[in-house]
Amino acid sequence: AQSVAQPEDQVNVAEGNPLTVKCTYSVSGNPYLFWYVQYPNRGLQFLLKYITGDNLVKGSYGFEAEFNKSQTSFHLKKPSALVSDSALYFCAVRGIFGSSNTGKLIFGQGTTLQVKP
Amino acid sequence: DTGVSQDPRHKITKRGQNVTFRCDPISEHNRLYWYRQTLGQGPEFLTYFQNEAQLEKSRLLSDRFSAERPKGSFSTLEIQRTEQGDSAMYLCASSSGQASGNTIYFGEGSWLTVV
């Protein structure tokens, strides 16, 4: 069974400092990993994804994520945090299409990022 | 690309009433997903359509829930005899093609409050 864990409920960081939001996954086979961001009372916005290739993936709004197969991790990072980055962040893994798999996303519990001025 | 559209955005209903949510996916996206999200939780998968065929249903989807996608375009999610535990945000999402690497795009969600 596929699963995603986000070990931190909340991450606090000062504006201008680097940020990391952690994600670990469990999946059989090659993982397809995604990060989404959710602002209050809004839907989920796609940030970035890892499918294959370079372990460092760049996405929207200056975010990037590093895929580490040996540690089964896919941590979200940003070199310099902005107050406007404050939001709820979700890591997700997607199953491979097949007879018993519809490619749905399985989400972690989410991590609230708080960037203070 | 107008994005995934959901209607209504907010619905307050009395316990026992029926509610219906509509989702218009991104044009030509053949895959459509419904998720439910409660406060402080990640989205939970409810059901999935490929074109008009409903190919997977979560056990979260009780008999009171039904989803349709009659022409393979828009979809509806109906909840009959609503209960307070149904209060949540219902998210619709869509994607194209067969590749698992294709991005799934979400709508803004429909908030349901059952009083």
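Shown above is the structure to which this text applies.
Residues numbered from 1 in each chain as written. Chains lettered and ligands numbered in written order. Predicted model: local features only at pLDDT ≥ 70, side-chain atom pairs only at ≥ 80, totals over all residues. Heavy atoms only, no water.

Asks: How should I be thinking about the state of the cysteines in this particular structure?
Replies: Throughout this description, disulfide means a covalent bond between two cysteine sulfur atoms. Scanning all chains against the criterion turns up two disulfides over all chains. For C23 of chain A, the disulfide goes to C91 of chain A, at an S-S distance of 2.0 Å. Disulfide C23 of chain A to C91 of chain A: torsion about the S-S bond roughly -65°, handedness left-handed. Here C23 of chain A is found in the loop between strand 3 (19-21) and strand 4 (24-26), whereas its partner C91 of chain A is found in strand 10 (residues 87-94), with 68 residues between them in sequence. Exposure class is identical for C23 of chain A and C91 of chain A. Each is buried. Two residues share a disulfide in this structure: C23 of chain B and C92 of chain B, whose sulfurs sit 1.9 Å from each other. Because the torsion about its S-S bond is -70°, the bridge between C23 of chain B and C92 of chain B counts as left-handed. Of this pair, C23 of chain B sits in strand 3 (residues 19-24) while C92 of chain B sits in strand 9 (residues 88-95), and the two are 69 residues apart along the sequence. When sorted by exposure, C23 of chain B lands in the same class as C92 of chain B, which is buried. (Disulfide = S-S within 2.5 Å. Helix = DSSP H or I, 4+ residues; strand = E, 2+ residues; numbered from the N terminus. Buried < 20%, exposed > 50% of the residue type's maximum accessible area, 1.4 Å probe, protein only.)

Asks: In this structure, what is going on with the environment of Y90 of chain B? I would like to understand it.
Replies: Residues and elements named next belong to chain B. With respect to the helices and strands, Y90 occurs in strand 9. The buried category is assigned to Y90, whose relative accessible area is 0%. Setting aside its immediate chain neighbours within four residues, Y90 contacts Q6, F21, Y35, R36, L46, F65, L77, I79, G109, S110 and L112. (Contact = heavy atoms within 4.5 Å.)

Asks: How should I be thinking about the interface of chain B and chain A in this particular structure?
Replies: Reports of interface size often rely on the accessible area that becomes lost once the parts have come together. Contact with chain B, which involves 28 residues of that partner, is made by 23 residues of chain A. Of the roughly 2000 Å² buried between chain B and chain A on both sides combined, carbon and sulfur atoms contribute 51%. One can count two salt bridges joining chain B with chain A. Here K104 of chain A and E56 of chain B are joined by a salt bridge, their closest N and O atoms 2.7 Å apart. Taken together, chain B and chain A are joined by twelve residue pairs in polar contact (both at pLDDT 80 or more). Sorting the residues of the side of chain B that touches chain A by element identifies strand 4 (31-37), strand 5 (44-50), strand 6 (53-57) and strand 9 of chain B as the ones contributing at least two each. (Buried area = accessible area lost by both parts, 1.4 Å probe. Salt bridge = Lys/Arg side-chain N within 4 Å of Asp/Glu carboxyl O. Polar contact = N/O pair within 3.5 Å; in protein donor to acceptor, adjacent residues only side chain to side chain.)

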